[in-house]
Amino acid sequence: VERDQIEPHHFQHWIDWAKEHGFGLDFNPTCFSHPKSAHNLTLSHPDPGIRKYWIDHCIASRKISEHMGRELNNTVVMNIWVPDGFKDSPADRLSPRQRLLNSLDEILFALDGSHHKVAVEGKLFGIGAESYTVGSNEFYMAYASTRKTMLCIDMGHFHPTENVADKISTTLCFLDEILLHVSRPVRWDSDHVVLFDDATIAVANEIVRCNALDRVHIGLDFFDASINRVAAWVIGARNLRKALLFALLESTAALIAAERNFDFTRRLALMEEGKSMPWSSVWDYYCAAQNIQYDSEWLVTIAAHEKNVLSRRR
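This text gives an overview of the structure that appears in the document. Note that the coordinates shown come from a computational prediction; the quantities given were computed from them, not determined experimentally.

**Some thoughts on the pairing of strand E8 (residues 188-192)**
Regular strands have side chains that alternate between both faces of the sheet.
Stage number 1. Here strand E7 (residues 184-186) pairs with E8 via two bridges, running antiparallel. Bridge pairing links Val186 to Trp188 in E8.
Stage number 2. The hairpin turn running from E7 into E8, its antiparallel successor, is one residue long, and Arg187 in that turn takes a positive phi close to 70 degrees.

Listed below in structure tokens is the structure:
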């Protein structure tokens, strides 16, 4: 089935599986790895026929997302990312962005959806688009704020020295909700397994300090074929949960009170004291209360799964 012809019934087995296990689903269009994306241009392509193909694919994906949400009685997030850009410096930077804007408008206003939400995702650069990315962060921030759709902030899509956490409070000033792709870039957006590192903790802290847990949709975004895939997922998910716990245990009210009194000495002292608090004991208690294996125990389960399930798939 061509991508512009996909329909909800093609994904019914996913929906049935999720319904059986009480899970939700998200669904994204796939605007890459296709003959019609050969020049790294899709929704911004100068050929109207190619643009229409990808517009129809995104509209079809919206219909699937809406169907999934209705069937599962849950909200589906549909995130649009396209690889559009140029390897070398273009002569015309404006026209591709105008075409992308018009394509997104066609997709966004094609149907109303009460069971799914659309997000748009920017990027600094990528392989094959080192010099110019049509859908830059600035483009999508402006688009999301004027169209009142969600903005997706992918931690791997910025310069390594940028503080992604700082972008959360900025976007929340203009948008009702945002989507995060929590990943770990190494040199560029290679999306390594999420660590319990400074960047992840900073993002969790910012969400909690902004009182925005109900406004930020958090997704994990990582690939690493060199390690067990299930372990990669578990490690990343646990680390993000730990970061959120760490943030929730912070004395946020005391920090803000000190700041509002211009007592920056106390603010700094409290921030530093918080780093050595016994938060890990709270994590262990949480695992015990939820009947979840401790960090040193679940690897045994993963090893058994790899031996008895994954090895047979090879």
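**As for the pattern of salt bridges**
Stage number 1. For the structure on display, the rule yields 10 salt bridges.
Stage number 2. Arg70 serves as the salt-bridge partner of Glu66, at 3.6 Å between the closest nitrogen and oxygen. Taken together, the positions of Glu66 and Arg70, both in helix H2 (residues 48-72) and four residues apart, correspond to about one turn of that helix.
Stage number 3. Close ionic contact of Lys167 with Glu162 constitutes a salt bridge, the shortest N to O distance being 2.8 Å.

**Overview of the layout of surface pockets**
Stage number 1. Looking at the largest pocket, its volume works out to about 2000 Å³.
Stage number 2. Where the lining of the largest pocket is concerned, the elements lending two or more residues are strand E1 (76-80), strand E6 (178-182), E8, strand E9 (216-220), helix H7 (229-248) and helix H10 (279-289).
Stage number 3. Considering each element in turn, the lining of the largest pocket owes the most residues, nine residues, to H7.
Stage number 4. Looking at side-chain class alone, the lining of the largest pocket contains 21 nonpolar, 10 polar and 11 charged residues.
Stage number 5. Its boundaries defined by the atoms lining it, the second largest pocket holds a volume of some 460 Å³.

**Looking at the sheet that holds E9**
Stage number 1. Pairing within the open sheet is parallel, and its five strands lie in the order E1-E3-E5-E6-E9. Only two strands of the sheet have a single partner each, and these edge strands are E1 and E9. Going across the sheet, the axis of each strand differs from the next one's by a mean of 30 degrees, ignoring polarity.
Stage number 2. Summarising the sheet, E6 and E9 pair through five bridges and their orientation is parallel. Along E9, the bridge assignment pairs Leu180 with Ile218.
Stage number 3. Taken strand by strand, H7 contacts E6 and E9, and its axis lies near 145 degrees from that of E9.

**Description of the nonpolar core**
Nonpolar side chains in soluble globular proteins tend to be buried together.
Stage number 1. Counting 56 residues, the largest nonpolar core has Leu43, Ile80, Leu100, Leu104, Tyr140, Ile178 and Leu180 as its most contacted members.
Stage number 2. With seven residues, H7 is the largest single contributor of residues to this core.
Stage number 3. Core analysis: the second largest hydrophobic core is formed by 11 residues, Phe11, Ala18, Ala60 and Val76 among them.

**As for empty space enclosed by the protein**
Stage number 1. Applying the stated criterion across every chain yields a total of two cavities of 30 Å³ or more.
Stage number 2. The volume enclosed by the largest cavity comes to roughly 50 Å³.
Stage number 3. If you go around the largest cavity, the residues you meet are Leu124, Phe125, Gly156, His157, Phe158, Pro160, Pro185, Arg187, Trp188 and Asp189.
Stage number 4. The residue makeup of the lining of the largest cavity, split by class, is six nonpolar, two polar and two charged.
Stage number 5. In this structure, the second largest cavity is lined by Trp81, Val82, Glu121, Lys123, Thr133, Gly135 and Tyr140.
Stage number 6. In terms of residue class, the lining of the second largest cavity is built from three nonpolar, two polar and two charged.

**Focus on helix H8 (residues 252-260)**
Stage number 1. Along H8, the positions that sit buried rather than exposed are Thr252, Leu255 and Ala258. Projected onto a plane normal to the axis of H8, the buried residues spread over an arc of 130 degrees and lie on a single side. Looking at H8, the residues exposed on the side facing more than 90 degrees away from the buried face are Ala253 and Arg260.
Stage number 2. Buried residues in H8 make contact with helix H6 (198-209), H7 and helix H9 (264-275).

**Describing unusual backbone geometry**
If a residue is not glycine, its phi is most likely negative; likewise, a peptide bond is most likely trans.
Stage number 1. Phi is positive for Asn73, which is not a glycine, with a value near 55 degrees.
Stage number 2. Within the secondary structure, Asn73 sits in the loop between H2 and E1.
Stage number 3. In this model, Asn291 sits at a positive phi of 55 degrees, which is unusual for a non-glycine residue.

**Quick look at the pairing of strand E3 (residues 116-121)**
Stage number 1. For E3, a buried count of five out of six residues is recorded, marking the element as mostly surrounded by other parts of the structure.
Stage number 2. In the sheet, E1 pairs with E3 via five bridges, with the strands oriented parallel. Residue pairing in the sheet places Asn79 in a bridge with Ala119 of E3.
Stage number 3. Both E3 and strand E5 (residues 150-154) contribute to a ladder of three bridges, which runs parallel.

**Some points on the environment of Arg241**
Stage number 1. Note that Arg241 resides in helix H7.
Stage number 2. For Arg241, a relative accessible area of 49% gives the class partly exposed.
Stage number 3. A sequence separation of 142 residues divides Arg241 from Arg99, and the C-alpha atoms of the two residues are 40 Å apart.

Conventions and cut-offs
Residues numbered from 1 in each chain as written. Predicted model: local features only at pLDDT ≥ 70, side-chain atom pairs only at ≥ 80, totals over all residues. Heavy atoms only, no water. Pairing = 2+ DSSP bridges. Helix = DSSP H or I, 4+ residues; strand = E, 2+ residues; numbered from the N terminus. Salt bridge = Lys/Arg side-chain N within 4 Å of Asp/Glu carboxyl O. 1 Å grid on protein atoms, 1.4 Å probe; cavity = no way out; pocket = protein on both sides within 12 Å on 5 of 7 lines; lining within 4 Å. Points joined across faces, edges and corners; volume = space filled by probe spheres on them. Nonpolar A, V, L, I, M, F, W, Y, C, P; charged D, E, K, R; others polar. Axes fitted to C-alpha atoms, helices over the stretch in contact; angles between N-to-C directions. Contact = heavy atoms within 4.5 Å. Core = buried A, V, L, I, M, F, W, Y, C linked by side-chain atoms within 4.5 Å. Buried < 20%, exposed > 50% of the residue type's maximum accessible area, 1.4 Å probe, protein only. Arc of directions from axis to C-beta.

The values are spatial; any link to function lies outside them.
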